[in-house]
Amino acid sequence: MTPPFSDLAGLRALLHELPAPDAAAFAAAQARNAQLTKPAGALGRLEELAIWYAGWRGTPRPRLERPQVAIFAGNHGVVARGVSAFPAEVTAQMVSNFEAGGAAVNQLAEAFGATMTVHSIALDRPTQDFVEGPAMTEAELIEAMAIGWMAVDPASDLLVAGEMGIGNTCSASAIALALEGGQAQDWTGRGTGVDAAGLARKSEAVAQGAARLGPDPDPIEVLRQLGGREIAAMAGAILAARHHRIPVLLDGFICCAAALVLHRAAPGALDHAVAGHQGIESGHARLLQALGKAPLLALDLRLGEGSGGALAIGVLKGALACHSGMASFAEAGVSDG
């Protein structure tokens, strides 16, 4: 499937042509929820989740049958500054592990019936060091976002976007700092376990990269200047899901940095997305606040890969099973008080 954009102008146009949920399905799901055999609100956020999902899928009694986990991989030039505990070649090694079915996210995808796809993007061509200049050219940004767009299966009924890329917490931290402000230390954590000296180098790189852009930068330009190919691809995939009316479960800090770009570029661009979890990577909680998203889970995860989003598929499946499978008071012959 060819993406409906070939340049930045086309991409920006798509951000202002965002489909809305089905209002009739949303209302019908609300009405159904009010008649189910339970006290009002007794299932808490599960009720909100089911109604939200029903609106985006256009049916008041939906099932979750074809979830997709899409993993994107890219390499980062900033790694040469010693900002990661692992060398860049680990990216390709982990991609092989994904493809062989050996990673944590493979197990979680299988456990919840999700199809998993892996998309490597120019691993032999790391992005440029964003401290020195733009990480990507406009053509490279569009190429990466197009890969993300095309990775989304239009027949799927849920998307989890994950990533692999040594150095990408550094890139995500720089994006967050450029768009949300504050200090580099507010957004910069240990990632894969960098030591104190490495954390200092990482914070300095984040500060210098964001400082190049000045105040109130354009969000898409922030992605080009500071992002990675896999981060751009996740943004493209999340945008594609919106245009296909496919709900999204956001993963961790890096995925949320990609989502932040869309959120800042077009308010409401993440209405089809829910935060799957809150990890312990420094800045993730702050990033979720910036997105206005309350996480479904908080289990101290910091793996990435889409693992937290994939785990949250089970919560959403439970919400929909209750909403679509429970009997109404009338069907069960139970008095509704």
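Details of the structure are given in the entry above.
Reference entry: report on the structure contained in this document. Just so we're clear, the structure is a prediction, and the values are computed from it rather than from any experiment. (Residues numbered from 1 in each chain as written. Predicted model: local features only at pLDDT ≥ 70, side-chain atom pairs only at ≥ 80, totals over all residues. Heavy atoms only, no water.)

1. What to know about the packing of aromatic side chains
So, point 1. Applying the stated rule across the entire model yields two aromatic pairs.
So, point 2. With 5.8 Å between their ring centres and 75 degrees between their planes, Phe5 and Trp149 make a pair best called edge-to-face. Here Phe5 is found in the segment before helix H1 (8–14), whereas its partner Trp149 is found in helix H6 (residues 138–151), with 144 residues between them in sequence. Residues Phe5 and Trp149 agree in their burial class; the two are buried.
So, point 3. In this structure, Arg286 packs its charged tip against the face of Trp187, placed 4.6 Å from the ring centre. (Phe/Tyr/Trp six-rings, centres within 6.5 Å; stacked < 30°, edge-to-face > 60°. Helix = DSSP H or I, 4+ residues; strand = E, 2+ residues; numbered from the N terminus. Buried < 20%, exposed > 50% of the residue type's maximum accessible area, 1.4 Å probe, protein only. Lys NZ or Arg CZ within 6 Å of the ring centre and 35° of its normal.)

2. Examining the pattern of salt bridges
So, point 1. Enumeration over the complete set of coordinates arrives at ten salt bridges.
So, point 2. Salt-bridge contacts for Glu180 lead to Arg264; the nearest nitrogen and oxygen are separated by 2.3 Å. Of this pair, Glu180 sits in helix H7 (residues 168–180) while Arg264 sits in helix H12 (residues 253–265), placing them 84 residues apart in sequence.
So, point 3. Several salt bridges share partner residues, and in doing so they unite Arg81, Asp129 and Glu132 into one network. (Salt bridge = Lys/Arg side-chain N within 4 Å of Asp/Glu carboxyl O.)

3. Observations concerning the environment of Asp129
So, point 1. Of note, Asp129 is situated in the loop between strand E2 (115–120) and H6.
So, point 2. Excluding anything up to four places from it in sequence, Asp129 contacts Gly77, Val78 and Arg81. (Contact = heavy atoms within 4.5 Å.)

4. Here's the deal with H7
So, point 1. Here H7 is 13 residues long and its end C-alpha atoms lie 18 Å apart, about the 18 Å a rise of 1.5 Å per residue gives.
So, point 2. The complete set of buried residues in H7 reads Asn168, Thr169, Cys170, Ser171, Ala172, Ser173, Ala174, Ile175, Ala176, Leu177, Ala178 and Leu179.
So, point 3. Of the residues flanking the end of H7, it is Gly181, one or two places downstream, whose phi is positive at about 80 degrees. (Expected span 1.5 Å × (residues − 1).)

5. As for the nonpolar core
Within soluble globular proteins, side chains that are nonpolar generally end up buried alongside one another.
So, point 1. Of all hydrophobic cores here, the largest spans 75 residues; its most connected members are Ile175, Leu223 and Leu250.
So, point 2. With eleven residues, H12 is the single largest residue contributor to this core.
So, point 3. In this structure, Trp56, Val160, Leu296 and Ala312 belong to the second largest nonpolar core, which totals 31 residues. (Core = buried A, V, L, I, M, F, W, Y, C linked by side-chain atoms within 4.5 Å.)

6. Some words on unusual backbone geometry
So, point 1. Despite not being glycine, Asp216 has its phi angle at roughly 50 degrees, a positive value.
So, point 2. Tracing the backbone through its elements, the reader meets Asp216 in the loop between helix H9 (196–211) and helix H10 (219–226).
So, point 3. Residue classification places Asp216 among the exposed residues on the basis of a relative accessible area of 75%.
So, point 4. Positioned with a positive phi, Glu305 is a non-glycine residue whose angle comes to about 70 degrees.
So, point 5. Topologically, Glu305 is positioned in the loop between helix H13 (284–291) and helix H14 (307–325).
So, point 6. Look at Glu305 and you get buried, because its relative accessible area is 5%.

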